[in-house]
Amino acid sequence: MSPRTPAVVVVGAGPVGLTAALTLAQRGIHVTVLEQGAALATESRASTFHPPTLEMLEKLGVLEPLLEKGIVAETFQYRARGGGEIATLDLGVLAADTAYPFRVQCEQSKLTPILRAALPATAEVLFGHQVRSLRADTGRVVLDTASGPIEADWVIGADGAHSAVRQALGVDFHGSTYPERFLVASVDEDLADVLPGIAPINYVFDPDEWLVLLRTPEHWRVLLPTPDGTDDAAELRRLPARLTAVADLGRPWRLLHASLYRVHQRVTERFRHGRVLLMGDAAHVNNPLGGLGMNSGIHDAVVLAGALADVLGGAPDVVLDRAAAYRRTVAIDHVQRTSHDNWTRLRARDNSGHARLRALADDPVAARAYLRRACLLDVLAQRP
Ligand SMILES: Cc1cc2nc3c(=O)[nH]c(=O)nc-3n(C[C@H](O)[C@H](O)[C@H](O)COP(=O)(O)OP(=O)(O)OC[C@H]3O[C@@H](n4cnc5c(N)ncnc54)[C@H](O)[C@@H]3O)c2cc1C
């Protein structure tokens with residue numbers, strides 16, 4: 001690696017690592033992405049893109065292929081279990097704020113190949129390269145990988161919630177784990193037919209059996225809470241009955257895939273450690289209610305990799321410190337707070353919030369303020 005071309009190694013080829021790599025490569029910086037997997041991940045995870053993320057992807061030149069693969073959701077709905085619609089919020093009230101006043105429903109596994117294909121020749125993605133640890137001194141970082149040591153001027157840890165980079169730095173990941181697990185099922189049913197009037201995204205309130213119904217390009221996804229400490233196989237066996245309780249089709253729902261996972265709200269103490277930056281799930285995790293995990297991770301990548309490019313181009317080092325501090329504040333005060341509030345609201349025991357949501361939907365000024373906060377437009381406007 002030439003000393004005149006500062007080399008950045010990104011650990012992890014998820015949506016966040018590849019966004020950071022593309023941001024840097026487009027600024028003329030030589031980037032290498034190390035990915036432990038043999039290929040990009042294909043598992044079903046985040047599936048909502050918010051307006052500011054669409055704006056960022058547009059600037060990176062990758063929005064068009066994403067729009068071709070996704071579906072546009074102009075509204076989302078709050079519903080009461082058994083009681084139908086409470087309120088439908090129309091993202092069109094954001095028309096003066098963004099070129100994209102809608103969400104795009106598309107799995108993250110469709111974005112990562114698009115990001116990879118957009119990387120210029122100065123960037124490379126090395127698969128089968130698991131990072132085990134790292135050593136940082138004042139001038140360089142040495143990564144210990146399964147294929148031998150690799151040196152870098154800067155390292156970006158975008159290697160997910162179990163980040164080896166974060167662990168090698170010896171920093172904590174403070175926070176808590178939710179008292180229930182989340183069960184995600186993909187179903188081959190058209191829920192718009194079964195539950196007339198639903199939106200592409202629906203948050204269904206119930207103190208015991210809240211749920212989320214999400215349309216993705218090919219299927220619908222159902223997210224259900226599941227007690228902690230129960231047997232996984234038993235939970236999957238009772239899933240058909242739980243789906244029938246959502247809507248009785250007179251036959252079992254056509255179930256394509258289901259998985260159970262534990263959900264945490266955690267954040268690491270600093271996103272910058274000298275020449276090492278942490279971003280995305282490596283730096284903070286939250287519950288998926290509101291679709292903020294991947295979105296805020298992509299925002300980390302654009303803001304932090306942009307600040308790193310500025311510093312490599314001669315800006316004062318403090319620019320990177322400020323960007324790192326800002327992204328941590330966003331993770332705690334906005335991403336975690338909003339996603340936790342969403343969880344609390346879904347399982348509320350009283351209906352007192354329903355009238356407020358109806359009033360919000362009927363008031364475009366209040367709806368605009370609410371949606372600007374919920375999709376992180378407001379907090380991005382405050383970036384340093
Ligand atoms: C089951 C599940 C469902 C989810 N559903 C939603 C949802 O509905 N909505 C939502 O907003 N968010 C959801 N999330 C969260 C969302 O998927 C993450 O916020 C998002 O993937 C973060 O992207 P990332 O690039 O930071 O990390 P990841 O997507 O985890 O990517 C990390 C990459 O790093 C690689 N890697 C890991 N360790 C190493 C290593 N040591 N060396 C080299 N490479 C390494 C991994 O193989 C992976 O490719 C879900 C997460 C899970 C686990």
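For the structure, see preceding data.
Rules used throughout
Residues numbered from 1 in each chain as written. Predicted model: local features only at pLDDT ≥ 70, side-chain atom pairs only at ≥ 80, totals over all residues. Core = buried A, V, L, I, M, F, W, Y, C linked by C-beta atoms within 7 Å. Buried ≥ 20, exposed ≤ 12 C-beta atoms within 10 Å, placed from the backbone. Helix = DSSP H or I, 4+ residues; strand = E, 2+ residues; numbered from the N terminus. Contact = placed C-beta atoms within 7 Å. Near = placed C-beta within 6 Å. Nonpolar A, V, L, I, M, F, W, Y, C, P; charged D, E, K, R; others polar. Pairing = 2+ DSSP bridges.

Chemist: Whenever I open this one, the nonpolar core confuses me. Can you help?
Modeler: Generally speaking, soluble globular proteins have nonpolar side chains that are buried together. Residues Val155, Val165, Met279 and Leu304 are the most contacted members of the largest nonpolar core, which totals 108 residues. Looking at which element gives the most residues to this core, the answer is helix 9 (residues 293-312), with 10 residues. Not counting chain neighbours up to four residues away, the residues in contact with Val155 comprise Val9, Val11, Leu134, Val141, Leu143, Val165, Arg275 and Val276.

Chemist: I'm lost on the site of the ligand in this one. Help?
Modeler: As a matter of local geometry, the ligand sits amid 32 residues, with Gly12, Gly14, Gly160, Gly280 and Gly293 nearest to it. At the level of secondary structure, the elements contributing two or more residues to the shell around the ligand comprise helix 1 (15-25) and helix 9. Across the shell around the ligand, the residue classes tally to 15 nonpolar, 13 polar and 4 charged.

Chemist: Please explain the environment of Leu292 as it appears in this structure.
Modeler: Mapping Leu292 onto the fold places it in the loop between strand 22 (284-285) and helix 9. Each C-alpha atom of the pair Leu292 and Phe127 lies 27 Å from the other, and the pair is 165 residues apart in sequence. With near-sequence residues (within four places) excluded, Leu292 lies in contact with Asn286, Val335, Thr338 and Ser339.

Chemist: What am I meant to see in the sheet that holds strand 22 here?
Modeler: Each strand in a sheet pairs with its neighbour through backbone hydrogen bonds, running either in the same direction (parallel) or in the opposite one (antiparallel). On the basis of which strands lie adjacent, the open sheet formed by 3 strands has the order 13-19-22 and antiparallel pairing. The two strands at the open ends of the sheet, each matched to only one other strand, are strand 13 (173-177) and strand 22. Bridge count between strand 19 (residues 264-268) and strand 22: 2 bridges; the pairing is antiparallel. Directly across from Arg266, in strand 22, lies its bridge partner Val285.

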